Amino acid sequence: DVDEDLDAVVAAEHAPNRLYLNEGDGRLTYQENAFGTGAYDTEHVRTADFNGDNHPDAIFVAEDDRRHQYFLGRGDGTFRNVTERLPERSEGNALDVGDVDGDGRPDVVVGNTGEDGQNFLWLGDPERPGHFIDATASHLPQESDQTQGIALADIGHDRSRCTRVRCWPSTRLAMSAWTSRTAT
């Protein structure tokens, strides 16, 4: 909702994902079925205003069943399921959101595991707010990592976008030019 109180969006593993609205005094009230009733292997959730309407939206990634979900917020504590707009399915085990390409729109990085552990980069589509362009092939190293965590940060303090990816057995750092380096 848009009352400026912090609400909580919960990625629930093998249960429906949850929304708790803040009553303004720190009490969180469960909003049943805000994200539907599906019970998936959801691992992570991130929120951002993906379609530019000033309402928080939510993306969930799932691992084993590959059932990622995407919801656009209406601003009143309810959401519209637009999962079909996600470019890919995967064994998602990590997720972060930030403006990777510097265009002012939130982008999505998904860390993947499984046989094809290629991580994904989905850029906010400037022509269709709330949609994404799959920039994986052109903007990420083409490596199959078993990613367990991912974080977007300006690690070099040079206003470039870097991604730290926790993989097994090593950790990689993808710099702004998106060349892969093993971190120590």
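In the block above lies the structure referred to throughout.
Attention in this report is confined to the structure presented alongside it. The numbering scheme is per chain: residues are counted from 1 as the chain's sequence reads. With pLDDT at 70 or above as the cut-off, local features in this predicted model cover only qualifying residues; side-chain atom pairs require 80 or more to be listed or tallied, and sums for whole chains, interfaces and linings still use all residues. Derived side-chain values reflect all non-hydrogen atoms in the structure, with water molecules and hydrogen atoms excluded from consideration.

**Side note on the sheet that holds strand S10 (residues 107-113)**
Pairing between sheet strands relies on hydrogen bonds along the backbone, with the strands arranged either parallel or antiparallel.
No. 1: For two strands to be treated as a pair, DSSP must find no fewer than two bridges joining them. By definition, any uninterrupted DSSP run of H or I lasting at least four residues is a helix, any uninterrupted run of E lasting at least two residues is a strand, and each is numbered from the N terminus. With respect to topology, four strands assemble into an open sheet ordered S9-S10-S11-S12, the strand pairing being antiparallel. The outermost strands of the open sheet, each flanked by one partner alone, are strand S9 (91-98) and strand S12 (132-134). Going across the sheet, the axis of each strand differs from the next one's by a mean of 25°, ignoring polarity.
No. 2: Alignment of S10 against strand S11 (residues 120-124), held across three bridges, turns out to be antiparallel. Within the sheet, the bridge partner assigned to Val-108 lies in S11 and is Trp-122. Note on definitions: angles span 0 to 180 degrees between N-to-C directions of axes, and those axes are lines fitted to C-alpha atoms, for helices only across the stretch in contact.

**Points about the environment of Ser-138**
No. 1: Mapping Ser-138 onto the fold places it in helix H1 (residues 136-139).
No. 2: What makes Ser-138 exposed here is its relative accessible area of 58%.
No. 3: With 17 residues separating them in the primary sequence, Ser-138 and Leu-121 have C-alpha atoms 9.3 Å apart.
No. 4: Under the rule applied, a polar contact is a pair of N or O atoms within 3.5 Å (in protein, one hydrogen donor and one hydrogen acceptor; residues adjacent in sequence only if both atoms are side-chain atoms). A polar contact is formed between the side chain of Ser-138 and the side chain of His-139, at a distance of 2.6 Å. Only protein chains enter the accessibility calculation, which uses a 1.4 Å probe; a residue whose area is less than 20% of its type maximum is buried, one above 50% is exposed, and one in between is partly exposed.

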